[in-house]
Structure formats: structure tokens, C-alpha cells
Amino acid sequence: MPDYADLEIGLHRREGATYSVEMRFSRPDSEADNRFEPAQAEFDLQAARDFVDAAAYGQKLAAALFADPVAQTAWAQARAVTQAQTLGLRVRLLIGPSAPELHALPWETLCDPQSHTLLSTD
């Protein structure tokens, strides 16, 4: 059974349609957490109500979540470490109390921003 590293993604409302994306990475062989500088994201809440194609929406959701170069770098580093050490990557999504509207988004469709594979089944 493979060991897993964890990438926690926290989302918190900033202003308007802008959200703070806070990422924390931890490996199973270390008690230290790697916290990345906060990124920001904007989500189209209306598009979530109208989506038909789950794969296409998952890519759109990933594009929004990882639009900020800081988030892209954090994701790439987490993936590189897990692939180099043959670890699984468990992604945990935390939606803060300031952003309850984000619970309505179909997060199960979220794709890996690089490979476009579904994170929920990878």
C-alpha cells in the first residue's frame, strides 16, 4: 500500500468574486508542513449551475483554481515530490466559512491542471 503526501487547499473569500487559495503540503516522512504563499482565484458560480459536460467543467474549474502562478507552482512542486518519491497525493479541499457559496461547485469534477485527469479517481 503506497504512502500518501497531503496537499490541503483552503479557499476563503476575499472581496467580490475573489478568493484566497492557501496551500499546505506535507509528506508522510516529515512532520514539517510546506506552506506556500497565498494565491487568488475567481470562480464562475453561474457556470457551475449550467454545466453539462463534467470533464469540460472539471478542466474549467482547475483553470480557475490554478490560474494564479503561485498556485500553479505549488501544484507542480507537490506533484514533482510525490512522483519522485513514488507517493500518492491526497488532495484535501477546505472551504472556509467566509465562502459557503463554493460548496455548490461540483468539486468532484476537478481535474489535474497538467494531465487533465480527474483528481477524484486518480
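Throughout what follows, the structure given in this document is the object of discussion. Only a predicted model underlies this, so the values are computations on that prediction, with no experimental measurement involved. (Residues numbered from 1 in each chain as written. Predicted model: local features only at pLDDT ≥ 70, side-chain atom pairs only at ≥ 80, totals over all residues. Heavy atoms only, no water.)

### Digging into the environment of Gly 16
Alright, step 1. You can see Gly 16 is positioned in the loop between β1 (4-15) and β2 (18-26).
Alright, step 2. Under the relative-accessibility criterion, Gly 16 is labelled exposed at 55%.
Alright, step 3. Taking the C-alpha atoms as reference, Gly 16 lies 21 Å from Leu 93; in sequence the two are 77 residues apart. (Helix = DSSP H or I, 4+ residues; strand = E, 2+ residues; numbered from the N terminus. Buried < 20%, exposed > 50% of the residue type's maximum accessible area, 1.4 Å probe, protein only.)

### Considering the packing of aromatic side chains
Alright, step 1. Scanning the entire structure with this criterion turns up three aromatic pairs.
Alright, step 2. Residues Tyr 19 and Phe 43 carry aromatic rings whose centres are separated by 5.7 Å and whose planes lie at 50 degrees to one another, so their mutual orientation is tilted. Highlighted residues: Tyr 19 in strand β2 and Phe 43 in the loop between β4 (39-42) and α1 (45-50), separated in sequence by 24 residues. The exposure classification of Tyr 19 matches that of Phe 43, with both residues buried.
Alright, step 3. Look at Phe 43 and Trp 107: their rings are 5.6 Å apart centre to centre, the planes differ by 80 degrees, and that puts the pair in the edge-to-face class. (Phe/Tyr/Trp six-rings, centres within 6.5 Å; stacked < 30°, edge-to-face > 60°.)

### Observations regarding the pattern of salt bridges
Alright, step 1. If you walk through the whole model with that rule in mind, you get seven salt bridges.
Alright, step 2. Between Glu 8 and Arg 24 there is a salt bridge, with its nearest N and O atoms 2.9 Å apart. One end of the pair, Glu 8, is in strand β1; the other, Arg 24, is in strand β2, with 16 residues separating them in the sequence.
Alright, step 3. Look at Arg 24 and you get partly exposed, because its relative accessible area is 23%.
Alright, step 4. In this structure, Asp 112 engages Arg 79 in a salt bridge whose closest nitrogen and oxygen atoms are separated by 3.0 Å. (Salt bridge = Lys/Arg side-chain N within 4 Å of Asp/Glu carboxyl O.)

### Considerations on unusual backbone geometry
For residues other than glycine, phi is negative in most cases, and the peptide bonds are mostly trans.
Alright, step 1. The phi dihedral of Thr 86 is positive, around 50 degrees, even though this residue is not glycine.
Alright, step 2. The exposure class of Thr 86 is exposed, given its relative accessible area of 66%.
Alright, step 3. Although it is not a glycine, His 116 sits at a positive phi angle of roughly 65 degrees.
Alright, step 4. Turning to its location among the elements, His 116 is positioned in the segment after β5 (88-95).
Alright, step 5. Its relative accessible area of 44% is what places His 116 among the partly exposed residues.

### Examining helix α3 (residues 69-84)
Alright, step 1. Its 16 residues give α3 an end-to-end C-alpha distance of 22 Å, which sits within 8% of 22 Å, the value for a rise of 1.5 Å per residue.
Alright, step 2. Taken together, the buried positions of α3 are occupied by Ala 71, Ala 74, Trp 75, Ala 78, Arg 79 and Thr 82. Along α3, the residues classed as buried sweep out an arc of 125 degrees about the axis, all on the same side. Every exposed residue of α3 that faces more than 90 degrees away from the buried side is listed here: Pro 69, Gln 83 and Ala 84.
Alright, step 3. As for α3, its buried residues are in contact with β1, β2, β4, α2 (54-65) and β5.
Alright, step 4. Where α3 begins, the side chain of Asp 68 points an oxygen toward the backbone nitrogen of Val 70, at a separation of 2.8 Å. (Expected span 1.5 Å × (residues − 1). Arc of directions from axis to C-beta. Contact = heavy atoms within 4.5 Å. Polar contact = N/O pair within 3.5 Å; in protein donor to acceptor, adjacent residues only side chain to side chain.)

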